[in-house]
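# Understanding the architecture of this molecule
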Amino acid sequence: MAEKQNPEKVKAKYEKIFSLLDELKIQEAKEKIEKLLKKSKGDPFLFWLKGYVLLYQGTDDLEEAIDSFNKAIEIDPDNAFAWEFKAIALRSLGRYEEAIQCYEKSMELDPLDYSAIYSRALLLERIGKLEEALDYYSLATKIEPDNFLAWEGKANLLESMQRFDEAEECRSKIEKDYSARIVENEPKTPDEWVHKGETLEKLGKYLWANQCYDMALKIDENHQAASDLKYMLLQKHRLESEARKSTFRTFINSEKFAI
């Protein structure tokens, strides 16, 4: 019978493992975990820790990492960390549907887990469930309003769906001085707004450029240059969006692709 472990000693051993990981001594960390598992085969944390190390060691160990997370889940089905990290391993293998299911389970156990919610939004977008992805981006922004990642992800998705006004509103959440900058040295004539729009477009600031063309058209609804540039901007954005989708499909088919 294995000797019963003193909790303080076990804690110290865990801390040693994390210290080894901080020093990038991966093999030594793995050996320590295996020794502990021989004495504590029913410890879900150790199986999670083993999977964690395998997950971040490299893609060759992802299946073994999933197996370790599964063992942690078998012992403790309510271990939200094990479900979430299993999802990370699955998405790194391109198994997005399975990963989404794991994120869903993690969210059931911890409904306010920003990381699981945001990651689920990314994967839903990746498999083409755009409206559902928007819902989860929105939920993530409500849980952590100051975290720019969800706002940025939601804005990019809205742009790809050509919902520019909503995308602009999202970006304004992470760029507090957005409105101030766009009207800095505010042009007075439609030609000046067009010039500003062209400059912003060259810088890749398409939403801002679009706003400038709109301002020109508000002053003169028949301004031909503003109308033409706005139309070309929308067409260009549509083509770039399709190119991004094609690139995503290529990545999804790549065995080595991981978020």
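Residues numbered from 1 in each chain as written. Predicted model: local features only at pLDDT ≥ 70, side-chain atom pairs only at ≥ 80, totals over all residues. Heavy atoms only, no water.

Inspection of the secondary structure assignment puts Lys71 in helix 4 (residues 62–75). With 24 residues separating them along the chain, Lys71 and Phe47 place their C-alpha atoms 6.5 Å apart. (Helix = DSSP H or I, 4+ residues; strand = E, 2+ residues; numbered from the N terminus.)

Turning next to the UniProt feature "repeat: TPR" (unreviewed entry) in the chain. Here the UniProt-annotated "repeat: TPR" (unreviewed entry) positions come out as residues 46–79, 80–113, 114–147 and 190–223. Between the first and last C-alpha atoms of residues 80–113 the distance is 9 Å; the span itself is 79% helix and 0% strand. (UniProt positions renumbered as here; feature names shortened; annotations may be inferred.)

The final tally for this structure, using the stated rule, is nine aromatic pairs. For the pair Phe45 and Trp48, a centre-to-centre distance of 5.6 Å together with 35° between the ring planes defines the contact as tilted. With Phe45 and Trp48 both in helix 3 (residues 44–57), this residue pair falls three residues apart, about one helical turn. According to the relative accessible area criterion, Phe45 is partly exposed, its value standing at 29%. Trp48 gets classed as buried once you look at its relative accessible area, which sits at 9%. A centroid spacing of 6.3 Å and a plane angle of 45° characterise the contact between Phe69 and Phe85, whose relative ring orientation is tilted. Of this pair, Phe69 sits in helix 4 while Phe85 sits in helix 5 (residues 80–92), placing them 16 residues apart in sequence. Through successive ring pairs, a cluster of aromatic residues spans Phe45, Trp48, Tyr52, Phe69, Phe81 and Phe85. (Phe/Tyr/Trp six-rings, centres within 6.5 Å; stacked < 30°, edge-to-face > 60°. Buried < 20%, exposed > 50% of the residue type's maximum accessible area, 1.4 Å probe, protein only.)

With 68 residues, the main nonpolar core has Ile17, Trp48, Leu55, Tyr118 and Tyr137 as its most contacted residues. Counting residues per element, this core draws most heavily on helix 7 (residues 114–126), at eight residues. (Core = buried A, V, L, I, M, F, W, Y, C linked by side-chain atoms within 4.5 Å.)

In contact at an axis separation of 8 Å, helix 9 (residues 148–160) and helix 10 (residues 164–174) are set at 165° when each is read in the N-to-C sense. Taken as axis vectors, helix 9 and helix 10 run roughly antiparallel relative to one another. Judged by the twist between their axes, the crossing of helix 9 over helix 10 is left-handed. Residues Phe148, Trp151, Glu152, Lys154, Ala155, Asn156, Leu158 and Glu159 of helix 9 lie in contact with helix 10, whose contacting residues are Phe164, Glu166, Ala167, Cys170, Arg171, Lys173 and Ile174. (Axes fitted to C-alpha atoms, helices over the stretch in contact; angles between N-to-C directions. Parallel < 35°, antiparallel > 145°, perpendicular 65-115°, else oblique. Left-handed = near helix turned anticlockwise from the far one by under 90°. Contact = heavy atoms within 4.5 Å.)

Further remarks concern the environment of Glu144. With respect to the helices, strands and loops of the structure, Glu144 is situated in the loop between helix 8 (130–143) and helix 9. According to the relative accessible area criterion, Glu144 is partly exposed, its value standing at 34%. Glu144 sits 32 residues away from Leu112 along the chain, and the two C-alpha atoms are 9.4 Å apart.

Look at Gln162: it is not a glycine, yet its phi comes out positive at around 65°. Residue placement: Gln162 occurs in the loop between helix 9 and helix 10.

Turning our eyes to something else, we now look at the pattern of salt bridges. Counting across every chain of the model gives twelve salt bridges. Among the ionic pairs, Asp67 bridges to Lys71, the shortest N-O distance being 3.4 Å. With Asp67 and Lys71 both in helix 4 and four residues apart, the pair spans about one turn of that helix. Here Lys71 falls in the partly exposed class, since its relative accessible area comes to 34%. (Salt bridge = Lys/Arg side-chain N within 4 Å of Asp/Glu carboxyl O.)

This part takes up a positive patch on the surface. Together, Lys16, Lys32, Lys35, Lys38 and Lys39 make up a positively charged patch on the protein surface. No other element matches helix 2 (residues 26–39), which puts four residues into the positive patch. In this fold, Lys16 is placed in helix 1 (residues 7–22). By relative accessible area, which is 41% here, Lys16 ends up partly exposed. (Patch = residues over 30% accessible without salt bridge, like charges linked within 9 Å, V, L, I, M, F, W, Y side chains within 5 Å. Areas by Shrake-Rupley, 256 points an atom, 1.4 Å probe, with all protein chains shown as cover. Lys, Arg positive; Asp, Glu negative; His and termini not counted. Charge placed at Lys NZ, Arg CZ, Asp CG, Glu CD.)

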